[in-house]
Amino acid sequence: MREGLLAALKRLALMRGLSSERLKGEKQLRLRTLTFELPYKQDNQVTQDKKITKTQELVYKLKVKDVMTTDIVTVSPGNTMNELKEILRIRRIAGTPVVENKRLVGVIGIDDLIRCLSEGEMDATVGEKMTRKVEVLYGDEPLAHAVNKFNQYGFGRFPVIERKRGRLIGILTKSDMVTGLLKRLEIAYHTEEFRHNNNNENHVFNNIVMDKTSFHFQYRVNGQDFKVAGESIYKLKQILSQLGFPPPIIRRATIAAYEAEMNIIIYSYGGCISVSADYDHITLEARDTGPGIANIEQAMRQGFSTAPTWVQELGFGAGMGLPNIRKCADTMDIESEVGKGTHIKIVIKNTNGNGK
Amino acid sequence: MTLSEAKEILDATVFVGHEKLEMEVKTAFSADLMSDVLAFAKENSLLLTGLTNPQVVRTADMLDIAAIILVRGKTPPDETVQLARELNIPLLSTKYILFETSGRLHARGIVGCIEKVGVDEGA
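Before going into details, it helps to say that this report is about the structure given with it. (Residues numbered from 1 in each chain as written. Chains lettered and ligands numbered in written order. Predicted model: local features only at pLDDT ≥ 70, side-chain atom pairs only at ≥ 80, totals over all residues. Heavy atoms only, no water.)

Here we look at the sheet that holds strand β6 (residues 111-112) of chain B
Residues and elements named next belong to chain B.
- An order of β1-β5-β4-β3-β2-β6 is seen for the 6 strands of this open sheet, with the pairing classed as mixed. The outermost strands of the open sheet, each flanked by one partner alone, are β1 (13-16) and β6.
- By the bridge criterion, 4 bridges tie strand β3 (residues 46-49) to strand β4 (residues 67-70) in an arrangement that is parallel. Counted as the bridge partner of Leu-48 is Ile-69 from β4. (Pairing = 2+ DSSP bridges. Helix = DSSP H or I, 4+ residues; strand = E, 2+ residues; numbered from the N terminus.)

Details of unusual backbone geometry
- Despite not being glycine, A:Arg92 has its phi angle at roughly 50 degrees, a positive value.
- Mapped onto the elements of the fold, A:Arg92 is located in the loop between α6 (81-91) and β1 (95-100).
- Here B:Asn44, not a glycine, exhibits a phi torsion of approximately 60 degrees, which is positive.
- Within the fold, B:Asn44 resides in the loop between α2 (34-40) and β3.

Re the interface of chain B and chain A
- In this assembly, 23 residues from chain B lie in contact with 24 residues from chain A.
- Here chain B meets chain A over a buried area of about 2000 Å², counting both sides, of which 53% is carbon and sulfur.
- In terms of surface lost to chain A, no three residues of chain B exceed B:Leu38, B:Gln55 and B:Met62, which account for 32% of the buried area on that side.
- Between the two partners, chain B and chain A, sit 3 salt bridges.
- For the salt bridge of B:Asp64 with A:Lys237, the shortest nitrogen-to-oxygen distance reads 2.8 Å.
- Along the contact surface separating chain B from chain A lie 17 residue pairs in polar contact (both at pLDDT 80 or more).
- Considering each element in turn, the side of chain B that touches chain A owes the most residues, 6 residues, to α2(B).
- Class assignment for the residues of the side of chain B that touches chain A results in 10 nonpolar, 5 polar and 8 charged. (Contact = heavy atoms within 4.5 Å. Buried area = accessible area lost by both parts, 1.4 Å probe. Salt bridge = Lys/Arg side-chain N within 4 Å of Asp/Glu carboxyl O. Polar contact = N/O pair within 3.5 Å; in protein donor to acceptor, adjacent residues only side chain to side chain. Nonpolar A, V, L, I, M, F, W, Y, C, P; charged D, E, K, R; others polar.)

Right, here's the structure in full:
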C-alpha cells in the first residue's frame, strides 16, 4: 500500500511540474501538499489565480460517502466498559460510535476507558460514559466540508450519518480522504494519459489502474481484427473477481464488454473500451470511430443485423449484440453520429452494494 | 451426469480436459450462433456447437461454460485447442449431429440451461 501511495504521489507531483530531483527526501512535504494544502487553503487561492485544479474540483465533486470507511465497528449503549476494552483491543482502534437501533447515539473512546479504569468503573455501561453530543458528517456532504470540519475540530475521525433517517453509515478519517482523492486523481491522470496515447491508432495497449476497492481499465480495439477479441476481457474478468464482485455481476459486465468489443470489431474502424468499477457499480464505455448507426431503434431490435457474411460465419453479427448489452445493463445510453462513430455507456449496479 | 458419461453416450473424442471428465453437468445449450450463446447460455452448462473457431472458447469462458462439445465430427483447429487448454475448458468432439447430440443427452437427464426465452427477451 505504502509503495503504491508513494508512486502515486510521485506521479502526481510530476504532473504538477515538479522534477523528480526535488522529490527526493521530500516525503513529508509531499504528503502535506496533498492533504492539507489541497482542500483548506485553496479556497483562498481560487480567488488569487482563478484556476481550478483537478483536486479542487474533486473536493467539491466527491461526497463524504464516496471515500468513507464502511466496514466499521460499533458498540451499543448496553455494552459494559469491560466489553468495550476488549473490542478496542481486538480491533486495534481508539474509539467507536455508539449505535442504538441503527441510529448514532454517541461516541466512546480510549480516554473514556482510561478514566473508568482509574476510577474502577469498568462495569459501567457505555451508555453512561459516552459523549452524547457528537459532531457528525452527512454522507451527501462534499468532501470540502469535511476538510473544514477536520481543521475546525482537530478530531481524527467523524461518524458519517445518513441525512434523512440519521442512520450511521460509516466513518471518515483523514487517511480516507487522502486515499480517496489520490485514487480519483490517479484515475483522472490515467484517463488523460490514455487519451493522449490514443492518437496513435495502431497501438494496442492495456491500461489498468486498480487498488483494493476501485479500478479503471481500458484498451484499444482494432476494427476487423478478430484475433485478439476477448483477450482483454479475460483480464477484466479476473480483475473483477479479484475485487470480489459477485459472479452474476461479473458475468453481466464481461458479456456486455464482449458484445461491445465485437461491435467495434465488426462495424467500426476501431475504438476503445473503458471500464471503471467501485463498490456500487461498474461503468462500461465503448467508443468507436466508424460509420455510426443510422437508426438506433432498429439496431436495438433483436435479430436486426447489418453484419457481413464473414462475421456471421464466425457465429457473430446475428443482431443480438445491442439487445444483449441492454439486457446486461441497469442503464444504457447510446449515442451515434452517422459517419463519425458510436458511444455506448452502460452501468451495472452491484447488487451486494459492496464490492467485497 | 458426469462429463465422462456424456463422452461415452456421444462416443466423443477428448481434445482438452481429460483430467476434468469427472465434473458433474446438469444443463446444456446448443447453438451455432455465438451471439445467441452470449445472450442465453448459463454458467456450468455444456455448450454444443458446430463452430470451431477460437472465439467459441472465448465465448464459453466469458459465460463460465463447463465444457464445449463440437458436433458433426468437427476437428478443432490448433489455435482453438490451444486456447481451450490455456483457459482450462474441456473440449470434446462427437460425430453425432447437433439434433442427435442434444437428444441423446436430454434422454439421459440433461436439460436446457433455459427452457425457452423469456418475455423480456422477446423483442
